[in-house]
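Descriptive analysis of the structure
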Amino acid sequence: MPNIYTEAAEILLAHKSGSLKSYIYSSNNAISSKNSRASPARLYALIMETLKYQDILNEVLKNSGLLAIEKKLHPTLAILLLHDHLLLRPGKDSIALSTAHPLRAAILKHKARLSAELTRARIRRGFATIEALKEALKSEEKASLNIVRWVRVNTLKSTIEAILNTSPFDTFTKVETLQELLQSKRGDGNQKLYHIDKHIPNLLAFPVSLTQLLTNHHLYTTGALILQDKASCFPAHILNPHPGSFVVDACAAPGNKTTHLAAILTSTCDSHGKGKITAFERDPRRSQILSKMVNKAGADRIVEIHNATDFLKSDPRTDPHLGYTTHLLLDPSCSGSGITAREKLESSIAIFRPLEIVDRKSKKRKRPITPSIEPENEQQFTAVSNEDASALETRLKTLSTFQLTLLLHALSFPHAKRVTYSTCSIYAQENEHVVVEALLSPIAKERGWTIDSQLEMLTGWQRRGLRDEVQKKAEEVLNDNKPGSTKSLDETWIEEVRKGCVRCTEDDATGGFFVACFIREVATENSEEPPLYESAAKEIESEGNSEGTYEEWEGFGDEKNEVPSVARPSQDATLGKKKKRRSK
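Broken down by element type, the protein carries 23 helices and 15 strands. In the protein, once contacts between residues fewer than 6 apart in sequence are set aside, the share between residues at least 24 apart is 79%. As displayed, the protein offers around 27,600 Å² of accessible surface, 50% of which is attributable to carbon and sulfur atoms.

This is the structure in structure tokens:
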């Protein structure tokens, strides 16, 4: 019978590269096809905490001789059990198994010897107590992090005022700048600080050391507080759907942006909550996470999760639920190269080093015996730092082609007037290049799409797009359509595109992130409105005011997204004419 320790051991042995967190939450990890008894959150917590102490735990395991006596244990499983027995609550066994369970019994039979070996290992490291050892590790972690813990107040359930008047936050001190938060001394107990963000409404920053306090608080467990990086809040904030808007979140899981959209839309609507959000997520396991997130945040009344429907297969001209879509948010799969400082730290900690076993007869070292597992490591985001330049270029080309396909599909929605495109990538191929190619596409020209270079929702944000990359990609697109073209690019157009691209880096106390917003006046569309839209609008508005429920989730199929070929824009795409902004 599987348990949290055997499941965690299988994951550790199967995971080879990339983000451990993404792998645990992935639908393709070592245990996803089995009847898992532990949530991804619990598995992740156990694994990460164990890996922090793996050196000392391996030392205890080796010197105690436990593996030579308890044949049912292998090194990976043993250190997970030892962590909860020796370190989770020092002096008190905390293995989450029944007293009679053979794995727990295998540890408890040797508790005196294991405790003695832990004491020797601690003294060799110069620490008077286990708590001192743990505190030293925490301080080392904090010192390496130039980040804060961003927390969004979910206005579907509470207000920022109510949160700050709730214990223990009512005893915290407000600081005016992030620097004050980052420079606060570690380990002196003066961590009760918070900062109210100046760009995103209802966003708070806390010292990263308070993460456990936050995640254990009832406001978090009930969905009133949502841990969400500041940069991740930009797409919904910039999209800014107005009352009565019909919004599509094209790649919605895990649901942070979806629920942020719901909070924004609800705050601008009347008590009946007109407007609706349609959320797409084709991965089965991630769609379950999305559904739980939407329900936990109290957004299920306004969010409709499409069942087993790929966004690329949606047709707003025949689907009455999508016919009047006005706003679309695209945050597609990407390289994940903008991985945050915290995740980098976790990745560096999460380098599993299995204990080598010495065969006492042959004196040869043997690798630990491992269960029979087929390693599968397909992830939403994959580490790219170790790829050679050629492999990286190939993968970025594949990703950007798919990203452009999604974006062009979004721009084809007949009543859309705002579309945000975002990635957590630092690479121009996935960012400025995709934006430029979309702007120069026939569909953008035909429908009057431009980039929002004003970005009134982020007027104070200084970090914008890379000008050289904008120019380089525009010249490439023009030359592809007409080789040898000497037509010069309009400098004003290049600058407008650059200003319309927003970037974030670790210097902003966020992860690496990119977002751009496409805008147009729907009135510029010359196509005749299909007859179904009038009845569709009434039907959708009626549903928006009803208390009806949506159909039950049945999961997604196994089919893969086929990336269609992307048509290149024609040479007559206008670059030299700056479009005059229309007042709304």
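Read across the open sheet, the 5 strands follow the order β2-β3-β4-β1-β5; overall the sheet is mixed. Single-partner strands in this sheet number two, and they are β2 (173–174) and β5 (225–227). Looking at chain direction, β2 and strand β3 (residues 193–196) are connected through 2 bridges and run parallel. When the bridges of β3 are listed, Lys174 appears paired with Tyr194. Its contacts with the sheet put helix α15 (residues 256–267) on β1 (149–153) and β5, and the angle it makes with β1 is roughly 40 degrees.

Membership of the largest hydrophobic core comes to 43 residues, with the highest contact counts inside it found for Tyr5, Ile47, Leu73, Leu81 and Ile107. With 8 residues, the top contributor of residues to this core is helix α6 (residues 75–87). Ignoring sequence-local partners within four residues, the contact set of Ile107 consists of Leu66, Leu73, Leu81, Leu82, His85, Ile95 and Leu114.

When the charged atoms of two side chains lie near each other, side chains of opposite charge can form a pair. Considering all chains together, one arrives at 20 salt bridges under this definition. With a shortest N-O distance of 2.8 Å, Glu432 and Arg503 are connected by a salt bridge. Residue Glu432 is found in helix α19 (residues 432–439), and its partner Arg503 is found in strand β14 (residues 501–504); the two are separated by 71 residues along the sequence. Given the relative accessible area of 0%, Glu432 is considered buried. Take Arg503: its relative accessible area is 10%, and that puts it in the buried class.

Glancing now at the side chain of Thr326. Looking at the secondary structure, you find Thr326 in the loop between β8 (303–305) and β9 (327–330). In this structure Thr326 touches Ser245, Phe246, His415, Ala416, Lys417 and Arg418, once residues within four positions along its chain are discounted.

Criteria and thresholds
- Residues numbered from 1 in each chain as written.
- Predicted model: local features only at pLDDT ≥ 70, side-chain atom pairs only at ≥ 80, totals over all residues.
- Heavy atoms only, no water.
- Helix = DSSP H or I, 4+ residues; strand = E, 2+ residues; numbered from the N terminus.
- Contact = heavy atoms within 4.5 Å.
- Areas by Shrake-Rupley, 256 points an atom, 1.4 Å probe, with all protein chains shown as cover.
- Pairing = 2+ DSSP bridges.
- Axes fitted to C-alpha atoms, helices over the stretch in contact; angles between N-to-C directions.
- Core = buried A, V, L, I, M, F, W, Y, C linked by side-chain atoms within 4.5 Å.
- Buried < 20%, exposed > 50% of the residue type's maximum accessible area, 1.4 Å probe, protein only.
- Salt bridge = Lys/Arg side-chain N within 4 Å of Asp/Glu carboxyl O.

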